[in-house]
Amino acid sequence: MRRWIRHSAFSWAVALGLALMLPASVARAKSTPITHGTLELIAEDQWIAPGHTLYLGLHFQLDKDWHIYWINPGDSGEPPRVEWQVPRGVTAGPIEWPTPHRLETPGIVDFGYENSVTLIVPMHPGAGLTAQQAVQFGASLKLLVCSREMCVPGKAQLSLTLRVKTQPPLPDPGAAELFAATRKSLPLPIPKSWKISVADANDSFVLTASPGHPIIDHPITDHSITQAVFFALAESQIANDAPQSVSPLASGFRLTLRKSDQLLKPIQRLRGVLVLSGDRAYVIDVPISKARSGSGTP
Amino acid sequence: MKRSILNLVVTALVLCMASVMSSAKVGDSAPDFTGTASNGKTVHLADYRGKYVVLEWHNNGCPYVGKHYKSGNMQRLQKQWTGQGVVWLTILSSAPGNQGYVTASQENDYLAKMQAAPTAALLDPTGQIGHLYDAKTSPQMIVINPQGVVIYDGAIDDKPTTDLNDVPGATNYVSRALEEVMAGKPVETAATRPYGCSVKYGD
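Source: prediction; values computed, not measured. (Residues numbered from 1 in each chain as written. Chains lettered and ligands numbered in written order. Predicted model: local features only at pLDDT ≥ 70, side-chain atom pairs only at ≥ 80, totals over all residues.)

1. Looking at the domain arrangement of chain A
All names here are of chain A.
Right, so step 1: Structurally, chain A comprises domain 1 (25-186) and domain 2 (189-290).
Right, so step 2: Summarising the inter-unit geometry, the C-alpha centres of domain 1 and domain 2 are found 28 Å apart.
Right, so step 3: With eight residues of domain 1 in contact, the opposing surface of domain 2 contributes 10 residues.
Right, so step 4: When contributions to the side of domain 1 that touches domain 2 are tallied by element, the ones reaching two or more residues are strand E5 (67-74) and strand E9 (108-114).
Right, so step 5: The leading source of residues in the side of domain 1 that touches domain 2 is E5, at three residues. (Domains from an automatic or database assignment. Contact = placed C-beta atoms within 7 Å. Helix = DSSP H or I, 4+ residues; strand = E, 2+ residues; numbered from the N terminus.)

2. Remarks on the sheet that holds strand E5 (residues 120-123) of chain B
All names here are of chain B.
Right, so step 1: The strand order E2-E1-E5-E4-E3-E7-E8 describes an open sheet built from seven strands, whose pairing is mixed. Sheet topology places strand E2 (42-44) and strand E8 (150-154) at the edges, where each strand pairs with a single neighbour. Going across the sheet, the axis of each strand differs from the next one's by a mean of 30 degrees, ignoring polarity.
Right, so step 2: Inspection of the sheet shows strand E4 (residues 87-92) paired to E5 by four bridges, in the parallel sense. Residue pairing across strands places isoleucine 91 opposite leucine 122, the latter belonging to E5. (Pairing = 2+ DSSP bridges. Axes fitted to C-alpha atoms, helices over the stretch in contact; angles between N-to-C directions.)

3. Comments concerning the sheet that holds strand E10 (residues 116-125) of chain A
Each strand in a sheet pairs with its neighbour through backbone hydrogen bonds, running either in the same direction (parallel) or in the opposite one (antiparallel).
Residues and elements named next belong to chain A.
Right, so step 1: One open sheet accounts for five strands, arranged E1-E2-E4-E10-E7; its pairing is antiparallel. Strands with a single pairing partner mark the edges of an open sheet, and in this sheet they are strand E1 (32-34) and strand E7 (90-92). Averaged over all neighbouring strand pairs, the angle between strand axes comes to 25 degrees, with direction disregarded.
Right, so step 2: Judged from the seven bridges that link them, strand E2 (residues 37-43) and strand E4 (residues 54-62) form a sheet pairing that is antiparallel. Bridged to isoleucine 42 within E4 is glycine 57.
Right, so step 3: Running over the sheet, helix H2 (residues 173-184) touches E2, E4 and E10 and is turned about 85 degrees from E4.

4. Details of the nonpolar core
Right, so step 1: Formed by 110 residues in total, the largest nonpolar core has its most connected members in Val54, Leu89, Val143 and Val174 of chain B.
Right, so step 2: The leading source of residues in this core is strand E11 (residues 134-146) of chain A, at eight residues.
Right, so step 3: Both domains that meet at this core, namely domain 1 (25-186) and domain 2 (189-290) of chain A, each give it at least three residues.
Right, so step 4: Once residues lying within four places of it in the same chain are set aside, the contact partners of valine 174 of chain B are Val54, Leu77, Met141, Val143, Tyr152 and Ile156 of chain B. (Core = buried A, V, L, I, M, F, W, Y, C linked by C-beta atoms within 7 Å. Buried ≥ 20, exposed ≤ 12 C-beta atoms within 10 Å, placed from the backbone.)

5. Observations regarding the interface of chain B and chain A
Right, so step 1: Counting residues at the interface gives 25 residues for chain B, matched by 17 residues for chain A.
Right, so step 2: Residue composition of the side of chain B that touches chain A, grouped by class: nine nonpolar, 12 polar and four charged. (Nonpolar A, V, L, I, M, F, W, Y, C, P; charged D, E, K, R; others polar.)

Okay, here's the thing in structure tokens:
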């Protein structure tokens, strides 16, 4: 009897496995359990077509108060590392990291995402992708999932099968909401009218932002910036736990960022994400100039 | 009234000094401390003037620390360097109730089980030593020279992972710093981002 049950369960597992392997219009792989959560590989479109960039999403659903890390994890932790297995003729682009959050515990400031996050990755199919019935995308991940109290390393292997067609792809309605919400959490390019400069002032970098003419899409006037937080893309450039003081200027504002003790050599550019008043985030990538006298730290 | 203002000023000054002291940068004097070891002995950093001292932040529940103990890497380093006269202090700054907090006897059992060989394992449940050196992670490593100056502060090596397979191919920053200074050379990589689990300080 017991053997029969086991046998039966095995058959069902095989049948289910076969059903999942069928290259039907599956644009969403079954969610995989990871330490303290689940992970899903989701395609934005219903199929892939040569010449049309396809966006895949790695959707992390974590237990309450657990987190993963941004590309610069801050004082501790490490970001997820993904190795892609892509079909012939397809090139994987870099992860589009949503704006991170500061995760603070006494004496430690980390950068990451609590509870849930989706990492979008563009896939560029070249001419090498030929019409065939279906292709498979695979992702091997090395993960670190942490709470404020502890960290658990893990691994995950995901795969997704998509049909190949020559006609332009149609979005998968089941994925639209997730991709739309995730894109809202990505930092935007800095508006063209803005002037951003960064000066090297001994123990600090001083970022000066002048929004220029107010723009309707970006209604940031000189006086509305009361909060600004900068996240450096690279580790060991600014002190993660140092207060970032904002001083209003007639034409904008100035943000003083204390250098990291680990920064022993000069850097040429400051790259990162600037978050204003809590929700508007912009990509920063500016050369660093030597501070003129008087524009240093207050 | 005057006196209370003076008190305030003095307090403010002391607080300022404390915050300055709390970051022991490379090139600065290593702040002195007194700690209680798991074997019950009292350890004064100043007593080791004239010797190289390695500080190792430890949390036995942290997978990054686990990588270096399960692979035997940390024990190997402890034996290698204490064998050459270096003082090796393992420091446990987890607060009670947090991951990595242990009693003296639990730590002694761990040291015996892992065949660890530090000069001493210091119990720092208040985080006093951790904060003095602004320790962020386990395993964060600090090297102090015989003159009492911090010459290295940062990661144990250049592979910030929990994977045991990454130990053999890694460049160990602690060993390299010690080898360089003992050969009369400057430490090429004197400060790195210490990788690992955040130090589990109390509030």
